[in-house]
Amino acid sequence: MNAIANVIDRLNDWFGRILAPLIAVTTLVVLYDIALRFFIGRPSDWAFDITKMLFGAHFMLMAAYGLQKRVHVEVDILKRLLSRKMQAVIEIVGYLIFFVPFIWMLLTFGWGFFSRSFSRGETTYGIVAIPVYPVKAVIVVAAVAILLQAIALVIRAIQQLREEQIS
Amino acid sequence: MSPEMLTLFMFGGLMIGLFMGHPLAFVLGGTAVLAAWLGPGPRILGTIINNIYGNAMDNYVLVAIPLFILMARFLNDSGVTERMFDAMRLLLARLNGGLALTVVVVSVLLAATTGIVGASIAVMGMIALVPMLKYGYNKELSSGVIMASGCLGILIPPSIMLILMASYSPVSVGALFAGALIPGLLLGAMYALYVLVICYIKPSFGPPVPLEERADTTTGELLLMLAKFVVPPMGLILGVLGALFTGIATATEASAIGVTLAFVLFLIFGDRSLRTCYRTLIEASKTTTMVMLVLVGATAFTGVFSRGGGMQVIHDLVMAMPGGTTGALILMLFLVFILGMFLDWTGIVLLSFPIMLPIVENMGVDLLWFVVMVAVVLQTSFLTPPFGYALFYLKGVAPRGVETVDLYKAVIPFCALIALACLLLAAFPRLITGLPSLILGY
Amino acid sequence: TPALSQEKARWTMTTTWPDNLSLIEIDRHWVETVNKIAGDELEIDFRAGGTLMPATEVFDATETGSIEASGDWPGYWAGRSSAFSPLAATPSLFNGVDYLNWILEWGGFELYQEVYGDFNMVYLPYGITNNESGFMGRTKIESLADLEGKRLRLSGRDQGRVLERLGGSQVTLSGGEIYQAVERGVVDGAEFSTPGVDYQAGFAEVVDYWATPGWHQSASVFGVMINKDAWDELSEATQEKLKVAAEATLAWSLAWSERTSTEGTEAFKEAGVEISTYSEEDMARIQEMTNEVIVEGACEDPMHAKVYHSMVSYMQNYANWRDVSVPYNMSRRIDNLPSLEEIEACM
Ligand code: NA
Ligand code: NA
C-alpha cells in the first residue's frame with residue numbers, strides 16, 4: 001500500500017516539476033506578441049490563442065502537484081483539534097462524499113467534452129487554425145493525476161488509522 | 001428539489017465540507033455535482049464542464065493572474081523588500097510607533113507592486129514581528145498592523161482579485177485598477193494614522209527604538225539607501241500601471257511587462273542563480289493552481305446553483321429587504337462580509353457577482369463603485385474568524401508567545417477601520433469614481 | 001376527439017448575447033411568440049447570455065442536451081466546421097433579403113439542418129440583420145488605397161483574408177475592447193455591428209470617420225439551436241408552431257434591424273461623424289477579392305463548398321427575374337459572382 005502511495009508521490013512530483021516552467025513560456029509568448037506589435041506593427045496570428053491554452057493547461061496540470069504539496073485552500077483549524085484517528089476518518093470521509101463525485105464528473109463528462117472536439121478536429125477560428133482538442137484533453141489528464149494523488153492521500157490516512165488502532 | 005431546498009442543500013454542503021477541512025475546490029465541485037444530481041437532474045452535469053472550460057481555462061483576462069503572481073515572486077526573491085524595510089525602520093526608529101508605521105509604508109509599497117496576500121504577510125511577519133516584540137511593542141498592535149496592511153496587496157493595483165472581478169463584471173480591468181487605487185491608499189493612510197494616534201496616546205504600545213541602534217548610520221546615508229531600494233520598485237509600479245492606464249497594453253500584457261521588470265530587479269538585487277529562478281517558477285505555479293482550482297470549483301458550484309434557480313432565491317431575498325436601494329446595498333455588502341468569514345475571495349466573487357451585479361445594475365447604481373466597495377469589504381475576509389486567511393499566514397511564521405487568540409483580538413480595530421473606510425467611500429463615491437473618470441474618461 | 005393528454009415540456013434556453021446587447025431582443029421576440037402560441041405545450045425558461053455558462057460554450061451544451069436550446073450567431077462555431085461561416089454572414093455577397101429568399105425558398109433552411117444536424121441539433125434561423133456599418137475610427141478611410149498599412153479590428157477568417165489582400169492587417173479584439181482601442185489609437189479603425197448597435201456601444205464618442213458600405217459583412221443571420229432529442233419529444237403541431245414563430249421573427253428582425261440602423265445612422269450624423277463611401281471602382285475590386293477568398297475558403301471543406309454552391313446558385317438563378325425587375329427588385333444586383341465551377345470542383 002505504502003509503496004503505491006510513494007510511486008504516486010514521485011510521479012506527481014516529477015510531473016509538476018516538468019510542467020511548472022509553462023508559466024515562463026506563457027510569459028514569453030505574451031512578450032513576443034507585445035514585441036511584434038511594437039516593432040512590426042501587427043500582432044501575432046497565434047499568440048492570443050496559444051497564451052490562453054498554455055494558461056489553462058498549466059494551472060490544471062499543476063493541480064495534482066499542488067494537492068501533494070498541500071497548497072490548496074483548506075481550513076484545518078477544527079480538524080487539528082481532533083485526535084489523529086478522527087483526523088484520518090474525517091479525511092477519508094471528505095474524499096468519499098466531495099472528491100469522488102467531483103472527480104467522477106471531471107473524468108466522464110470531461111472525456112465526452114474532449115472526444116466531441118477531437119472527432120471533429122475542432123480548431124480555433126482565426127487566420128491560423130490551431131487544434132483545440134489538446135487543451136480540452138487537459139481536463140481528463142489533470143483529473144487522472146488528481147485522482148492518483150487523492151488515492152495516495154487516502155492510503156496514508158488508512159495507514160494512520162491502522163497504526164492508531166494497533167497502538 | 002425546490003430552488004429553496006437546493007439553496008439550503010448547497011450552502012449546507014459547503015459549510016460541512018469547509019469545517020471538515022477538505023480542500024475548498026473539491027468541496028465546491030463535489031457539492032455542485034451532488035446538487036445537480038438531486039436537483040435539476042444529472043442531464044445538466046455537462047454544463048459544469050462547460051463552465052470550467054469556458055470560465056476558468058479559456059479566459060484571456062485571467063492569464064494576468066499567474067503572471068502577476070510570478071512577478072510578485074521574482075520581486076520577493078530580489079530581496080528588495082527586506083532592504084527597504086531595514087532602511088525605513090532605522091529612519092523612523094525614534095518615532096513612537098515608528099516600526100509599526102514602517103510596516104504600513106512598506107506594505108503599501110509592496111501592495112502597489114504585487115498582490116499576494118499570503119506572501120506579503122509571511123514576509124512582513126518574518127522580518128518585522130520579531131523586532132517589534134523585541135522593542136516592547138504591543139503584541140496585538142504589532143500583529144494586527146502586519147495582517148491588515150498585508151491584505152492591502154489584493155486591493156491596491158495590480159491585484160489578482162481585481163482581475164477576477166473584472167472578468168466577472170462589465171467593468172474593465174483598467175477602470176477597476178484605477179477605482180481601487182484611492183480606496184487602497186486611503187486604507188493604508190488610515191492604518192498609519194491609527195498607529196500614530198494610538199502610540200501617541202499610549203506610548204507603551206510602540207516605544208521608540210533605543211538611540212544606539214541608529215547611531216552608526218546618518219540620516220543622509222539612510223535616505224540614500226531608501227532611494228536605492230524604493231526607486232526600482234517604483235519603476236516597476238509605473239511600468240505596469242502606466243502601460244495599463246495609458247492603454248498601451250492590456251492587463252495581461254501589462255502583467256508580462258511586470259514579470260520582465262521584476263526579473264530585471266531579481267538580476268540586479270537577487271542572487272541570480274538558476275536554482276532560485278526555477279524555485280520561483282515552482283512557487284508561482286503552486287500559488288496559481290491554488291487560486292485557480294478554487295475558481296474551478298466555484299464556477300461548477302455557481303453554474304449548478306444558477307441553473308437550479310438558487311440565484312433567483314437569493315435575488316428575491318435581497319429585493320424583499322426594506323429600505324429600497326440603500327437597504328439592498330447595505331444587505332449585499334453585509335452578505336459579502338458574512339461570506340468573508342468563511343470563504344476566500346475567489347469563491348465569494350464567483351458566488352456573489354452573478355447574483356448581485358444584475359440587481360445593482362437594475363437599481364441604477366454605478367457598477368464600478370459597487371465592485372470596488374465589495375473589494376474593500378473583502379479586506380475583512382482575510383481578518384475575520386473563524387476562517388481568516390491572514391491569521392493563518394501570520395500564525396505560520398509568528399514566534400512563540402503569539403497565540404491565535406491574540407491574533408483574533410488584533411484584527412478588531414482594523415476591521416473597524418475598514419468599516420469606517422466603507423462609510424467614507426459611500427458618502428464620497430468620487431473617491432472611487434474620480435480617478436477612473438480622470439484618466440480613463442470612465 | 002379529446003387531445004392526448006400530453007405533459008407540458010419545459011426547456012431551459014440561453015443565448016450568446018448578454019442582457020445589455022440589443023441583439024438579445026431577437027431571441028426574446030421568438031421566445032415570447034412561442035410562449036404566446038405554444039404556451040400550453042411548451043414553457044421556455046429563457047436566461048440571458050453568460051448567466052448559465054460562457055457564450056462560447058452554449059453550442060456544446062445544446063449538443064449534449066444539458067440545455068435544450070440556445071440562440072446564436074452561427075459564425076461562432078466555424079472552428080468546428082467552416083460551413084457555419086456562410087450560414088452566419090458573407091463578405092460582400094448576400095444582403096438581408098437574399099438570406100430571406102435563400103432560407104425560405106432556395107434550399108437554405110435545409111442546409112442549416114444538414115450542418116447543425118451533424119451536431120445533433122435542429123436549427124431555426126429567426127433573425128436577419130442587414131449590412132453592418134463598416135470601419136469607423138479616427139483615421140479617414142475614403143478609398144481602398146487608404147487601407148494600406150492600416151491596423152483594423154475585424155472578425156472572421158474570410159474577412160481577414162480580403163483585408164490582407166487590400167494591404168491592411170486584421171486585429172482581433174473582443175467587442176468590449178474596441179472603444180478603448182479606437183480611442184487610444186491602438187487600431188486605426190474598427191467594425192463591430194450595425195449602426196444602431198455601434199451607436200449604443202458609444203462609438204460616436206470616439207470616432208470621427210466612418211467608411212461605408214460595410215463590405216466585410218453584407219448581412220447576418222441569427223437563430224436558435226435546439227437539441228435534437230428535445231425537439232423530437234415535441235408533438236408535430238408544437239414543432240410547427242416553433243417554426244411559425246421563427247419565420248415571424250425572421251421577418252420582424254429584418255425590419256427592426258433596418259429601423260435601428262436608420263436611427264443609428266441619424267445619431268452618428270448628428271454627432272458630427274463624417275461618412276465616406278467607396279468609389280464604384282473600389283467596390284468592383286472588393287468584389288473580385290471577395291470572390292477569390294470565397295472560393296479559397298470553400299475549397300478547404302466540402303460542406304463549406306456545398307453551402308456556398310447553393311448560395312451562388314441562388315444568386316445566378318434569381319438574377320433571371322431580378323435583372324428585369326430593376327430598379328424595383330428586392331435584392332442586390334451583382335453580375336460578378338464567385339466562380340460556381342471552381343466551388344463545384346471542391347464539393
Ligand atoms: Na497589489
Ligand atoms: Na474570514
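All figures in this text were calculated on a predicted structure; none of them were measured in a lab.

1. A few points about the overall build of chain C
Counting its regular elements, chain C contains 13 helices and 12 strands. Expressed along its principal axes, the backbone C-alpha trace of chain C runs to roughly 70 × 45 × 35 Å. Counting over 347 residues, chain C shows a buried share of 59%. In chain C, of all internal contacts separated by at least 6 residues, the share reaching a separation of at least 24 is 77%. Distance from the positive charge centre (25 side chains) to the negative charge centre (56 side chains) of chain C: 3 Å.

2. Considerations on the confidence of the model for chain B
The predicted model of chain B averages 88 in pLDDT, with 98% of residues at 70 or higher. Across chain B, helix α18 (residues 367-377) of chain B holds the top mean pLDDT of 95, while helix α11 (residues 211-215) of chain B sits lowest at 67.

3. Remarks on the packing of helix α5 (residues 84-119) of chain A against helix α6 (residues 133-166) of chain A
Residues and elements named next belong to chain A. At a closest axis distance of 9 Å, the pairing of α5 and α6 adopts a crossing angle of 160°. The angle between α5 and α6 places the two elements in the roughly antiparallel class. Crossing hand, α5 versus α6: left-handed. Among the residues forming the contact of α5 with α6, the class breakdown is 26 nonpolar, four polar and five charged.

4. A few points about helix α5 (residues 80-91) of chain B
Its 12 residues place the ends of α5(B) 17 Å apart at the C-alpha level, agreeing with the 16 Å of an ideal helix rising 1.5 Å per residue. Within the span of α5(B), buried status applies to Val80(B), Thr81(B), Met84(B), Phe85(B), Ala87(B), Met88(B), Arg89(B) and Leu90(B).

5. Topic: the pattern of salt bridges
Tallying each qualifying case throughout the model produces 30 salt bridges over all chains. Between Asp58(B) and Lys52(A) there is a salt bridge, with its nearest N and O atoms 3.1 Å apart. With Asp58(B) in the loop between α3 (46-57) and α4 (64-78) and Lys52(A) in helix α3 (residues 47-61), this pair bridges two chains. Residue classification places Asp58(B) among the partly exposed residues on the basis of a relative accessible area of 22%. By relative accessible area, Lys52(A) is classed as buried at 14%. Each of Arg161(C), Arg165(C), Glu292(C), Glu296(C) and Glu300(C) takes part in salt bridges that share partners, so that together they form one network.

6. Things to note about the packing of helix α16 (residues 324-342) of chain B against α18(B)
All names here are of chain B. One way to put it is that α16 packs onto α18 with a least axis distance of 9 Å and a crossing angle of 35°. Helix-helix and strand crossings are classified by hand; for α16 and α18 the assignment is right-handed. Taking contact as the criterion, the partners of Leu329, Met332, Leu333, Val336 and Phe337 in α16 are, on α18, Trp369, Phe370, Met373, Val374 and Val377. Broken down by class, the residue content of the contact of α16 with α18 amounts to 10 nonpolar, no polar and no charged.

7. Things to note about the sheet that holds strand β7 (residues 151-153) of chain C
All names here are of chain C. Across the sheet, six strands lie side by side as β8-β7-β9-β6-β10-β12; this open sheet has mixed pairing. Of all the strands in the sheet, just β8 (169-171) and β12 (274-277) have a single pairing partner and so form its edges. As judged from the two bridges shared by strand β6 (residues 136-137) and strand β9 (residues 189-190), these two strands associate in the antiparallel manner. Bridged to Met136 within β9 is Ala190.

8. Quick look at the interface of chain C and chain B
Interfaces are often sized by the accessible area lost when the parts come together. On the side of chain B, 18 residues touch chain C, which itself brings 17 residues to the contact. Buried area between chain C and chain B, summed over both chains or domains, comes out near 1,500 Å², and the portion from carbon and sulfur atoms is 38%. Taken as a group, Glu57(C), Ser66(C) and Arg184(C) account for 34% of the area that chain C buries against chain B, more than any other trio of residues on that side. Applying the counting rule to chain C against chain B returns one salt bridge. The residue Glu68(C) makes a salt bridge to Arg43(B) at a minimum N-O spacing of 3.0 Å. Between the two partners, chain C and chain B, sit 10 residue pairs in polar contact (both at pLDDT 80 or more).

9. Some thoughts on the environment of Tyr179(C)
Residue and element names in this part refer to chain C. Looking at the element boundaries, Tyr179 is found in helix α7 (residues 178-183). On the basis of relative accessible area, Tyr179 is assigned to the partly exposed category, the value being 25%. Residues Tyr179 and Asn336 lie 157 residues apart in sequence; the distance between their C-alpha atoms is 36 Å. Look past the residues within four positions of Tyr179 in its chain and what remains in contact with it is Ala201, Gly202, Phe203, Glu205 and Val206. Engagement of the side chain of Tyr179 in a polar contact is seen with the side chain of Glu205, the distance being 2.6 Å.

10. Here's the deal with the interface of chain A and chain B
With 57 residues of chain A in contact, the opposing surface of chain B contributes 64 residues. Note on chain A versus chain B: buried area summed over both sides is about 5,200 Å², and carbon and sulfur give 80% of it. Summed over the three residues of chain A that lose the most area to chain B, namely Phe55(A), Val73(A) and Phe98(A), the buried surface amounts to 15% of that side. Across the contact surface, chain A and chain B share one salt bridge. Where the side of chain A that touches chain B is concerned, the elements lending two or more residues are α1 (2-19), α2 (22-39), α3, α4 (63-68), α5 and α6 of chain A. The greatest single-element share of the side of chain A that touches chain B, amounting to 15 residues, is contributed by α5(A). Of the residues in the side of chain A that touches chain B, the class split is 40 nonpolar, nine polar and eight charged.

11. A word on the pairing of strand β11 (residues 219-227) of chain C
Residue and element names in this part refer to chain C. Of all nine residues making up β11, nine are buried, and the element is well covered by its neighbours. Judged from the four bridges that link them, strand β3 (residues 69-72) and β11 form a sheet pairing that is antiparallel. Paired with Ala69 across the two strands is Ile226, which belongs to β11. Across two bridges, the pairing between strand β4 (residues 89-90) and β11 is antiparallel. Paired with Ala89 across the strands is Ser220, a residue of β11. One ladder, built from eight bridges, connects strand β5 (residues 121-129) with β11; its direction is antiparallel.

12. Here we look at the state of the cysteines
Enumeration according to the criterion identifies one disulfide over all chains in this entry. Between the sulfur atoms of Cys299(C) and its disulfide mate Cys346(C) the distance is 1.8 Å. Note on the Cys299(C) and Cys346(C) pair: the S-S dihedral is about 75°, so by sign convention the disulfide is right-handed. Separated by 47 residues along the polypeptide, Cys299(C) in the loop between α11 (280-298) and α12 (302-325) and Cys346(C) in the segment after α13 (340-345) bring together distant segments of the chain. With relative accessibility at 36%, the residue Cys299(C) sits in the partly exposed group. For Cys151(B), which is in no disulfide, the shortest distance to another cysteine sulfur is to Cys415(B) and amounts to 9.1 Å. The exposure class of Cys415(B) is buried, given its relative accessible area of 16%.

13. A word on the packing of aromatic side chains
Scanning the model with the defined rule gives 50 aromatic pairs over all chains in all. Consider the rings of Tyr32(A) and Trp46(A), whose centres lie 5.3 Å apart with planes at 20°: the pair is stacked. Placement of Tyr32(A) in helix α2 and of Trp46(A) in the loop between α2 and α3 is noted, with a sequence separation of 14 residues between them. Given a relative accessible area of 36%, Tyr32(A) falls into the partly exposed group. With centroids separated by 5.9 Å and ring planes inclined at 70°, the aromatic side chains of Trp17(C) and Phe222(C) adopt a geometry described as edge-to-face.

14. Points about unusual backbone geometry
Pro213(C) follows Thr212(C) through a cis peptide bond whose omega is -10°. Along the chain, the position of Pro213(C) falls in the loop between β10 (209-212) and β11. Even without being a glycine, Arg70(A) presents a positive backbone phi close to 60°. Tracing the backbone through its elements, the reader meets Arg70(A) in the loop between α4 and α5.

15. Examining the environment of Asp9(A)
All names here are of chain A. The residue Asp9 is located in helix α1 in this model. Residue Asp9 is classed as buried on the basis of its relative accessible area, which comes to 18%. For the pair Asp9 and Gly126, spaced 117 residues apart in sequence, the C-alpha to C-alpha distance is 41 Å. Excluding anything up to four places from it in sequence, Asp9 contacts Gln68, Gln149, Ala152 and Arg156. Among the polar contacts listed, one links the side chain of Asp9 to the side chain of Arg156, at a separation of 2.7 Å.

How each quantity is defined
Residues numbered from 1 in each chain as written. Chains lettered and ligands numbered in written order. Predicted model: local features only at pLDDT ≥ 70, side-chain atom pairs only at ≥ 80, totals over all residues. Heavy atoms only, no water. Helix = DSSP H or I, 4+ residues; strand = E, 2+ residues; numbered from the N terminus. Buried < 20%, exposed > 50% of the residue type's maximum accessible area, 1.4 Å probe, protein only. Contact = heavy atoms within 4.5 Å. Lys, Arg positive; Asp, Glu negative; His and termini not counted. Charge placed at Lys NZ, Arg CZ, Asp CG, Glu CD. pLDDT = per-residue confidence, 0-100. Axes fitted to C-alpha atoms, helices over the stretch in contact; angles between N-to-C directions. Parallel < 35°, antiparallel > 145°, perpendicular 65-115°, else oblique. Left-handed = near helix turned anticlockwise from the far one by under 90°. Nonpolar A, V, L, I, M, F, W, Y, C, P; charged D, E, K, R; others polar. Expected span 1.5 Å × (residues − 1). Salt bridge = Lys/Arg side-chain N within 4 Å of Asp/Glu carboxyl O. Pairing = 2+ DSSP bridges. Buried area = accessible area lost by both parts, 1.4 Å probe. Polar contact = N/O pair within 3.5 Å; in protein donor to acceptor, adjacent residues only side chain to side chain. Disulfide = S-S within 2.5 Å. Phe/Tyr/Trp six-rings, centres within 6.5 Å; stacked < 30°, edge-to-face > 60°.

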